[in-house]
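# Coordinates in review
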Amino acid sequence: MNQDLEQLYQAYSRKVYCYLLSLCQNPVLAEDLMQDTFLKAAKKIDTFKENSSLSSWLCAIAKNLYYDAMRKQKNTVALEEELLVFDPNQRDLRIFSCLHDLCEPYREIIYLRIFCSMSFKEIGEILGRSDTWSRVMFYRGKEKLRALWLKKEGKYL
């Protein structure tokens, strides 16, 4: 089986890498995602249906991993862009003050997601919930944090 996986990698790694590079325009990210693609393919090889080619199946896995990575990056960057663009000398104190006022589990989820860079799946595992629950609670927490921020700034939604 290991030899089959090695042959699969040898045969398709270049194609998958080039495909990922065309999506992300980042050689380092493309390399990381290519490795993740083959790891996932190795785990899920028994689900491969031969009504498509092996290369298109691998590229579909790669595309989904790329989209997951972009969603994760977007969620992290969006919150930082929205909240961390104020006076650099005062922003940390004000943000942490708002976070302190945020009720649980929102506070913990935001800490884990933003400051520990954890995935929604990892957060769900820590809190004994699903990744979907973590995603929804992160969004709600972000909205509550934004409202607290605006209230402290004297602005209202």
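Look up a bit, the structure's there.
Now for a quick tour of the structure. (Residues numbered from 1 in each chain as written. Predicted model: local features only at pLDDT ≥ 70, side-chain atom pairs only at ≥ 80, totals over all residues. Heavy atoms only, no water.)

Bringing the pattern of salt bridges into the picture now. Scanning the entire structure with this criterion turns up two salt bridges. A salt bridge links E104 to R107, with the nearest nitrogen and oxygen atoms 3.5 Å apart. The class for R107 is partly exposed, based on a relative accessible area of 23%. A salt bridge links R146 to E143; the shortest N-O distance between them is 2.6 Å. (Salt bridge = Lys/Arg side-chain N within 4 Å of Asp/Glu carboxyl O. Buried < 20%, exposed > 50% of the residue type's maximum accessible area, 1.4 Å probe, protein only.)

Under the definition given, this model contains zero disulfides. Of the cysteine sulfurs around C59, a residue in no disulfide, the closest is that of C18, at 9.8 Å. (Disulfide = S-S within 2.5 Å.)

On the surface, K40, K43, K44 and K121 cluster together into a patch of positive charge. Counting through the fold element by element, K40 comes out in helix α2 (residues 27–44). Residue K40 is classed as partly exposed on the basis of its relative accessible area of 36%. (Patch = residues over 30% accessible without salt bridge, like charges linked within 9 Å, V, L, I, M, F, W, Y side chains within 5 Å. Areas by Shrake-Rupley, 256 points an atom, 1.4 Å probe, with all protein chains shown as cover. Lys, Arg positive; Asp, Glu negative; His and termini not counted. Charge placed at Lys NZ, Arg CZ, Asp CG, Glu CD. Helix = DSSP H or I, 4+ residues; strand = E, 2+ residues; numbered from the N terminus.)

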